[in-house]
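Chain by chain, the residues:
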Amino acid sequence: MSFTPQFFTTAESLVDSLDKKLLVVLRDGRKIIGVLRSYDQFANLVLQDSLERIYVGDAYGDIERGVFIIRGENVVLLGEIDVDIEDSLPLRQLPVEDILQMQREEAEAKARKDKLRFNLLHKQGFSVDFADNDLY
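Residues numbered from 1 in each chain as written. Predicted model: local features only at pLDDT ≥ 70, side-chain atom pairs only at ≥ 80, totals over all residues. Heavy atoms only, no water.

1. A word on the nonpolar core
A general feature of soluble globular proteins is that nonpolar side chains tend to end up buried together. Formed by Leu14, Leu22, Val24, Leu26, Ile32, Leu36, Leu45, Leu47, Phe68 and Ile70, the largest nonpolar core amounts to 10 residues. Only β1 (21–26), β2 (31–39), β3 (45–56) and β4 (59–70) provide two or more residues apiece to this core. The element best represented in this core is β1, accounting for three residues. For phenylalanine 68, the contacting residues outside a window of four places in its chain are Arg30, Ile32, Leu45, Val46, Leu47 and Ser50. Core analysis: the second largest hydrophobic core is formed by five residues, Val56, Ala59, Leu94 and Ile99 among them. (Core = buried A, V, L, I, M, F, W, Y, C linked by side-chain atoms within 4.5 Å. Buried < 20%, exposed > 50% of the residue type's maximum accessible area, 1.4 Å probe, protein only. Helix = DSSP H or I, 4+ residues; strand = E, 2+ residues; numbered from the N terminus. Contact = heavy atoms within 4.5 Å.)

Shown next as structure tokens:
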């Protein structure tokens with residue numbers, strides 16, 4: 001008789017992640033890093049010592065958030081951070097003001113590029129239906 005390991009696909013699978021440093025990607029695109037302190041049956045999370053990390057190119061900036069409560073339905077991805085590998089990544093940390101400015105510039109460049117593309121598609125007869133609040 002062989003033993004088959006049991007894998008949980010519910011919120012119960014988070015028990016192994018308690019008191020570990022996690023990266024949580026939210027539906028709105030934000031990335032939150034913190035230590036998982038608690039969760040419930042709906043996968044609502046409580047992160048301690050959390051920060052919001054903003055990536056632009058090969059740089060990132062951190063905004064301190066403290067204790068952060070996340071509603072389970074807003075979680076897209078959750079994973080444990082290997083602190084040994086985290087320190088050796090080829091990313092440079094910048095002050096949050098600089099990274100926010102770079103993020104604004106990147107968003108403006110993307111908006112200009114999208115507008116050109118939409119105009120070109122419209123001239124070719126395609127219907128361009130774009131909503132600013134549509135994240136999918």
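2. Side note on the side chain of glutamate 52
Tracing the backbone shows glutamate 52 in strand β3. Residue class for glutamate 52 comes out buried when judged on its relative accessible area of 9%. Side chain to side chain, glutamate 52 and arginine 65 meet in a polar contact 2.6 Å long. If we ignore the near neighbours within four places in the chain, the residues touching glutamate 52 are Arg30, Lys31, Ile32, Gly61, Asp62, Ile63 and Arg65. (Polar contact = N/O pair within 3.5 Å; in protein donor to acceptor, adjacent residues only side chain to side chain.)

3. What about the pattern of salt bridges?
In the structure shown here, the tally under the stated rule is 11 salt bridges. Here glutamate 86 and lysine 21 are joined by a salt bridge, their closest N and O atoms 3.2 Å apart. Remark: lysine 21 occurs in strand β1 and glutamate 86 occurs in helix α1 (residues 83–86); sequence separation between them is 65 residues. For lysine 21, a relative accessible area of 32% translates into the label partly exposed. Note that lysine 110 is salt-bridged to aspartate 114, the shortest N-O span being 2.8 Å. With lysine 110 and aspartate 114 both in helix α2 (residues 96–123), this residue pair falls four residues apart, about one helical turn. Sharing partners across several salt bridges, the network here consists of Lys21, Arg53, Asp62 and Glu86. (Salt bridge = Lys/Arg side-chain N within 4 Å of Asp/Glu carboxyl O.)

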